[in-house]
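Listed below are the residues making up each chain.
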Amino acid sequence: MSSTKRADYDREVADRMIAALEAGTAPWQRPWKAGTRSPSGGMPFNPTTGKAYRGGNAINLMLRQAELGSTDSRWMTYKQATALGGQVRKGEKSTSIEYWKKSLRKGKDEDTGEDADEEASAKGRPSLTVFHARVFNASQIDGLPPPPPAPEVPEAFRHAAVAEVLERLGVPIEHGGNQAFYRPSQDRIQLPEQHQFHTADAYWATALHEAGHATGHPSRLDRDLSGPFGSESYAREELRAEIFSMMAGEALQVGHDPGQHHAYVGHWIEVLKKEPREIYRAASDAQKMMDFLGIEPPAPLQVAEATAESEQQAAFVREFDLLLQRDYALTVEDAGLTREQVLRYRDADSALDAVREYADDYGLQARGPYDPRPAPELEQELATLRAQRDQLKNALQGVLAAEPEVTAQVRKAVTP
């Protein structure tokens, strides 16, 4: 592909991005709640290779996906669609993506036959050469099976995953005030107290955004963080952080709230008009931030374990509550106990032992084990709950015992 054609390609992608920014539909401009898939349907991936598209390609495909009105994030070449038993519908237009590989020949990728940027190869020596491939969204293809369901990550697990990212980053976090920011001169993150956020997920999503900025420190990825608020360079950095926040929020399912960054839209549009390639640079930097922080979607087995653990915790809290009502005529809510406070007693041998330990700690007097006799409905719910708990425990033990086989089967079904 000649430099002129590549410039045309960059201009096409930039114009698509500008139109989305003006309409408020750019991927990172669209908010979504924690624990749910983004409005776009998730990060684009190739169902044949099992790999997610990265950087600028991911953003370009998400834009095109929105234009198609599709929430299916599967993208593939014509040949790959045919191999999967699908057929691209007549009249559907492909979307170009670019990829780089070492090449000795000009003009064509030896493996795929795709067009190359002829100016990137020179004198027959191996060099990184850019190629352009054409792909179709699954919504443009007939005969494909439905997309795999996205695994739901329990709240406690996704919060722990973000905490682990922040720990790996190693930047001090201070709490207080009403603003969230990263201060390069002190290499620290400032956040409001967690209770000031409307949800716990919002706190962790904001922490991730600021962690993205912190990767630009000279000791890490060394980006230009010197621009004052409102400047073009400041807006460029915010573009990178917003794309990163969207990618990270999608991977860890903590959601995404772009509300505070609408002020930069005008700057982003002006930059893209002058430098069409900037969207690829920004997305590439955002991808580097993801890689630097080691952020990836949790593996299927991790999700299975976390889900089972979350369900067991819920069952324990409910059993604790029922036993507290039965023996002490008190509910968890009446006692002012949070879920976390109840779970602190989970080390006891049973929920009954946990309730008695709690009663000892706070000097509660039992009303007598069966005086007055508890309602039969309460006893029945207790019995059902214990049976469900045992089923969960057995299911999790089975998953762990068959880990290699389960991992292969689950990944085959849901891995992008």
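The structure contained in this document is the topic of the report that follows. Worth saying up front: this structure is predicted, and the values here are computed from it rather than measured.

## As for the packing of aromatic side chains
Then comes step 1: A full pass over the atoms with the stated rule returns 15 aromatic pairs.
Then comes step 2: Pairing Y9 with Y280 gives two aromatic rings, centres 6.2 Å apart and planes at 50°, and the pair type is tilted. With Y9 in helix α1 (residues 3–23) and Y280 in helix α8 (residues 278–293), this residue pair connects regions lying 271 residues apart in the sequence. The burial state of Y9 is the same as that of Y280; both residues are buried.
Then comes step 3: A network of ring pairs unites the aromatic residues W28, F229, Y234, Y264 and W268 as a single cluster.

## Thoughts on helix α2 (residues 55–68)
Then comes step 1: If you check α2, its first and last C-alpha atoms are 20 Å apart, about what 14 residues at 1.5 Å a residue would give, namely 20 Å.
Then comes step 2: Of all 14 residues making up α2, 11 are buried, and the element is well covered by its neighbours.
Then comes step 3: Listed in full, the buried residues belonging to α2 are G55, G56, N57, A58, I59, N60, L61, M62, L63, R64 and Q65.
Then comes step 4: Following α2 by one or two positions, G69 has its phi on the positive side, about 70°.

## Observations concerning the side chain of S231
Then comes step 1: Position of S231 relative to the elements: it lies in the loop between α5 (200–214) and α6 (232–252).
Then comes step 2: With relative accessibility at 18%, the residue S231 sits in the buried group.
Then comes step 3: There is a polar contact of 3.2 Å between the side chain of S231 and the backbone nitrogen of Y234.

## Some points on the sheet that holds strand β9 (residues 173–175)
As a general point, the strands of a sheet are linked pairwise by backbone hydrogen bonds and lie either parallel or antiparallel.
Then comes step 1: The three strands are arranged β9-β11-β10 in an open sheet whose pairing can be described as mixed. Strands at the two margins of the open sheet, each flanked by one partner only, are β9 and β10 (181–183). If you compare each strand with its neighbour and ignore which way they point, the axes differ by 25° on average.
Then comes step 2: The sheet contact formed by β9 and strand β11 (residues 188–191) spans three bridges and is parallel. Residue E174 lies in a different strand from β11, and its bridge partner there is Q190.
Then comes step 3: Here α5 sits on the sheet and contacts β9, β10 and β11; the angle it forms with β11, its principal contact strand, is near 155°.

## Let's talk about the nonpolar core
Then comes step 1: Counting residues in each nonpolar core, the largest one holds 62 residues, and the members touching the most others are W28, I59, I243 and I295.
Then comes step 2: Here the element with the most residues in this core is α6; it accounts for nine residues.
Then comes step 3: Excluding its chain neighbours within four sequence positions, the residues that come into contact with I59 are M17, W28, I243, M246, M247, I279 and A283.
Then comes step 4: Residues A315, A348, Y358 and L378 belong to the second largest nonpolar core, which totals 22 residues.

## Quick word on the environment of P154
Then comes step 1: Within the secondary structure, P154 is located in the loop between β8 (141–142) and α4 (155–169).
Then comes step 2: By relative accessible area, P154 is classed as buried at 13%.
Then comes step 3: Between the alpha carbons of P154 and Q253 there is a distance of 9.1 Å; along the sequence they are 99 residues apart.
Then comes step 4: Once residues within four sequence positions are removed from consideration, P154 is found in contact with A306, T307 and S310.

Here is what the cut-offs are and how they apply
- Residues numbered from 1 in each chain as written.
- Predicted model: local features only at pLDDT ≥ 70, side-chain atom pairs only at ≥ 80, totals over all residues.
- Heavy atoms only, no water.
- Phe/Tyr/Trp six-rings, centres within 6.5 Å; stacked < 30°, edge-to-face > 60°.
- Helix = DSSP H or I, 4+ residues; strand = E, 2+ residues; numbered from the N terminus.
- Buried < 20%, exposed > 50% of the residue type's maximum accessible area, 1.4 Å probe, protein only.
- Expected span 1.5 Å × (residues − 1).
- Polar contact = N/O pair within 3.5 Å; in protein donor to acceptor, adjacent residues only side chain to side chain.
- Pairing = 2+ DSSP bridges.
- Axes fitted to C-alpha atoms, helices over the stretch in contact; angles between N-to-C directions.
- Contact = heavy atoms within 4.5 Å.
- Core = buried A, V, L, I, M, F, W, Y, C linked by side-chain atoms within 4.5 Å.

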